[in-house]
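Read off the chains here:
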Amino acid sequence: MSTTPPPSPWLLTSSERLYRSLLQLYPRDFRRTYQREMLITFHSYVSDTLQAAGPGGLLRMWSLVLYDLLTTTFVEHYRSAIQAIRQLSGLEQESFMTNLLLHLDVGAQTDIGQKRLTNEDSMLSVLPSDPDIMQQRGALFIVADGLGGHAKGEEASKLITEEVNILYYANQGPDLNTTLLHAVEQANRILVEQNTSEGRTVEIMGTTCIAAVLHNETAYIANVGDSRAYLIHEGEIKQVTLDHSFVVEQIREGKITPEEAKTHPQRNVITRCMGVPEVAVDLFTEHISHGDTLVLCSDGITGNEPESPVHSWQG
Amino acid sequence: MDLYSFNVCVGETMKQTSRDPEALLPLTPAVFHILLALADQERHGYGIMQEITQRTDGKVRMGPGTLYGSIKRMLADGLLEESGERPDTTLDHERRRYYRLTGFGQRVVRLEAARLAQLVTVAQSKKLLSGPEIAGGFS
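Counting of residues starts from 1 at the beginning of each chain's written sequence and follows it residue by residue. Following the order in which they are written, the chains are lettered starting with A and the ligands numbered starting with 1. Where totals are concerned, whole chains, interfaces and linings use all residues; where local detail is concerned, this predicted model gives features only for residues with pLDDT of at least 70, and gives and counts side-chain atom pairs only at 80 or more. Just so you know, side-chain values use all the structure's heavy atoms and leave hydrogens and water out.

## A short note on helix H1 (residues 9–22) of chain A
Residue and element names in this part refer to chain A.
Then, number 1: Compared with the 20 Å implied by 1.5 Å per residue over 14 residues, the 20 Å span of H1 between its first and last C-alpha is a close match.
Then, number 2: Here H1 has its buried residues at Leu 11, Leu 12, Ser 15, Tyr 19 and Leu 22. Buried residues in H1, looked at end-on, bunch into an arc of 95°, giving them a common side. Those residues of H1 that are exposed and aimed more than 90 degrees away from the buried face are Pro 9, Trp 10 and Arg 17. Counting from the N terminus, the helices are the DSSP runs of H or I reaching at least four residues and the strands are the DSSP runs of E reaching at least two. For a helix, the expected span equals 1.5 Å multiplied by the number of residues minus one. Categorising residues by exposure relies on relative accessible area from a 1.4 Å probe, with only protein chains included: less than 20% of the type maximum marks a residue as buried, more than 50% marks it as exposed, and the intermediate range marks it as partly exposed. As used here, the arc belongs to the directions running from the helix axis to the C-beta atoms.

## Observations regarding the confidence of the model for chain B
Residue and element names in this part refer to chain B.
Then, number 1: For every residue, the pLDDT score states the predictor's confidence, bounded by 0 at the bottom and 100 at the top. The predicted model of chain B averages 81 in pLDDT, with 76% of residues at 70 or higher.
Then, number 2: The lowest-confidence element of chain B is strand S1 (residues 2–9), averaging 48 in pLDDT; the highest-confidence one is helix H1 (residues 29–37), averaging 96.
Then, number 3: Note on definitions: a residue-residue contact is assigned when non-hydrogen atoms from the two residues lie within 4.5 Å. Residue range residues 7–18 is modelled with pLDDT below 50. Its contacts to residues more than four positions away, or to other chains, number 42 contacts.
Then, number 4: Here residues 135–139 is modelled with pLDDT under 50, and outside its nearest four sequence neighbours on either side it reaches five contacts, counting other chains as well.

## Quick word on the nonpolar core
Then, number 1: Here, nonpolar core means buried Ala, Val, Leu, Ile, Met, Phe, Trp, Tyr and Cys residues that are tied together by side-chain atoms lying within 4.5 Å of each other. Judged by nonpolar contacts, the single largest core of 45 residues is most densely connected at Tyr 19 of chain A together with Ile 34, Leu 35, Ile 71 and Leu 80 of chain B.
Then, number 2: Elements that contribute at least two residues to this core include exactly H1 and helix H2 (28–88) of chain A together with H1, helix H2 (45–55), helix H3 (64–76), strand S4 (94–101) and helix H4 (103–125) of chain B.
Then, number 3: Ranked by the residues each element gives to this core, the list is headed by H2 of chain A, at 13 residues.
Then, number 4: If we ignore the near neighbours within four places in the chain, the residues touching Leu 80 of chain B are Ile 34, Leu 35, Leu 38, Ile 71, Met 74, Leu 75, Arg 100, Leu 101 and Thr 102 of chain B.
Then, number 5: Ranked by size, the runner-up nonpolar core spans 28 residues in total, among them Val 126, Leu 181, Ala 187 and Tyr 220 of chain A.

## Considerations on the packing of H1 of chain B against H4 of chain B
Residue and element names in this part refer to chain B.
Then, number 1: Working convention: axes come from line fits to C-alpha atoms, limited for helices to the stretch in contact. Angles between N-to-C directions cover 0 to 180 degrees. The N-to-C vectors of H1 and H4 enclose an angle of 115°; their axes lie 10 Å apart at closest approach. The crossing of H1 and H4 is left-handed. Between H1, through Phe 32, Leu 35 and Leu 36, and H4, the contact on the second element is made entirely by Gly 105, Val 108, Val 109, Glu 112, Ala 113 and Leu 116.
Then, number 2: Following the grouping adopted for this structure description, the nonpolar residues are Ala, Val, Leu, Ile, Met, Phe, Trp, Tyr, Cys and Pro, the charged ones are Asp, Glu, Lys and Arg, and the polar ones are all others, Gly among them. A class-by-class count of the residues in the contact of H1 with H4 yields seven nonpolar, one polar and one charged. It is the rotation of the near helix from the far one that decides the hand of a crossing: anticlockwise by less than a right angle makes it left-handed, clockwise makes it right-handed.

Quick look at the structure:
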């Protein structure tokens, strides 16, 4: 085996290309979690096989890989189908209760504010249909409010919700808190790059971002800007996040009163914003229990009624 | 306006820690091989494949689909956990995900090994195994 010719880069790259396209046969949830790892593993596998046994060994390896692929794609699709049937037949709720210790009723509402022509808010909820992903990574909720009057606020809020979603489920650290933080920071870098590449330096494309991961009995919340998270526990409402808003910070420092804030000329100014390089992301961890309600909202609600923000929508 | 609200209902049944390891036995060969590969140290996916091939003198070769399909279910069963991502110096510093046994996984693999050892004793007593060195490997 030691006399085999050096591995051909052509055989390696074409094998990888073929394997990458064959991975499309797996269900989407499975690919989302393992495609990257499987490609890295396959790369090492092909390299070592070529090194040890040359093209003949590669052929034997491919016969194993193809057999493995055919049987396991069948198994993964079968499991996905069983999962879908369980969902349709209502068995899903029971499995959620027993396996995940968490069941969620999600309500979402968005409408276009009276002053603006387009809705610059974006929201997204991800409840993974795969119970394994749900158990490992939890459910993800994002609200992003594009900056009113600024260039392309709507595009920015959409980009951020999509990227945070992709990055959160693609980056798999064991610590969900850090994974969420990295996802928000990485999504910010993508937005900053887009601003730079499109030559925006003064009037940037920006958005607030609040993202919550619910996993078992814990909520992890990341926040940039003046969107808010509230936790309602046994009838008591607690604001989880701190607004990164100029007037709120002035109130906190005792420089102005809440009354003055209502008419302050800079009441719409936020002090942190996605789209700005190296933005500091606030992270909060909250224990959640049966019957709690977690609310994420953009500034749109609270701006109208700063003192009793909850009553305006908790009818 | 933009608003999300979640009502959280946390189930009170079945905690991971109180599960019965016996309920998972017997293990499938793939699951048992992966648990054995991780018994002495944490490894990434390809490391698990290599360990299995080496330990079985190339008789057992696991494909990536079997490996990651099994890992997925073993994570869900609480047998394994991810121990983070680290760059691999042999592969342009590409980050790889590492896996290790949980305490529950260790209990399960011990029980499965004991169960198999008992079967080997039966085989021995019926003179199905020629040399003592084969059975000795299971002690």
